[in-house]
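Residues per chain, in single letters:
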Amino acid sequence: MVFTVISIFIALYGLIDFKKSVMLFTVYQIFWYPTVICSIGGISLGTNSVIPLFYALLFIVNRKKIIRTRIDFPFKFPFLLILLSLLFSSITALTGFSSEFNRALMRMFSV
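Quick summary incoming for the structure in this document. As a convention, each chain's residues are numbered from 1 in the sequence order in which they are written. For this predicted model, a pLDDT threshold of at least 70 governs which residues receive local features, and a threshold of 80 or more governs which side-chain atom pairs are given and counted, while totals over whole chains, interfaces and linings are taken from all residues. The basis for every side-chain value is the complete set of non-hydrogen atoms in the structure, without hydrogens or water.

One side-chain nitrogen of Lys or Arg within 4 Å of one carboxyl oxygen of Asp or Glu is enough to make a salt bridge. Enumeration over the complete set of coordinates arrives at one salt bridge. Lys-20 is paired through a salt bridge with Asp-17; the nearest N and O atoms lie 3.9 Å apart.

This part takes up the environment of Lys-20. Counting through the fold element by element, Lys-20 comes out in helix α2 (residues 18-31). Type-normalised accessible area, obtained with a 1.4 Å probe on protein chains alone, sets the label of each residue: buried when under 20%, exposed when over 50%, and partly exposed for intermediate values. You can call Lys-20 exposed: its relative accessible area is 51%. For the pair Lys-20 and Ile-10, spaced 10 residues apart in the sequence, the C-alpha separation amounts to 9.5 Å. Where helices and strands are cited, they refer to DSSP runs of H or I of at least four residues and of E of at least two residues respectively, numbered from the N terminus.

The next subject is the packing of aromatic side chains. For Phe, Tyr and Trp, rings pair up if their centres lie within 6.5 Å, where Trp contributes its six-membered ring, and each pair is then called stacked (planes under 30 degrees apart), edge-to-face (over 60) or tilted (otherwise). Within the structure shown, the criterion is met by four aromatic pairs. Ring geometry for Phe-18 versus Tyr-55: centroids 5.9 Å apart, planes at 80°, classification edge-to-face. Of this pair, Phe-18 sits in helix α2 while Tyr-55 sits in helix α3 (residues 47-61); the two residues are 37 residues apart in sequence, bridging distant segments of the chain. A relative accessible area of 14% means that Phe-18 is categorised as buried. Exposure remark for Tyr-55: the relative accessible area of 7% places this residue in the buried category. With a centroid separation of 6.1 Å and 35° between ring planes, the pair formed by Phe-18 and Phe-59 is classed as tilted. Here Phe-59 lies in helix α3 and Phe-18 lies in helix α2, a separation of 41 residues in the sequence. The exposure class of Phe-59 is partly exposed, given its relative accessible area of 29%. Pairwise contacts between aromatic rings join Phe-18, Phe-25, Phe-54, Tyr-55 and Phe-59 into one cluster.

Fair warning: the whole summary comes from geometry, so function is off the table for now.
Next up, the structure:
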């Protein structure tokens, strides 16, 4: 419970100062114990997956204030090939699309 509250406070500090909050969260990950924020129907939302997704969403929303220069993603083509490979693997899997697609999502988000 204590680690969950601390990680939520660090994530909310990201609304004020994004860069310092990400640095603080990175250092905090060394000492923290990954906890579950909520569990609904067997799907648990842990702090090790929710907080980084919150930072990604916050980055997308505040991109203009954070980035001052425009640089393209250097590994765009290999990244797209890996995503297409995961998608085609889940479509042609013997276990079925839904279970393999869930496994691919879990692999992408490291849940």
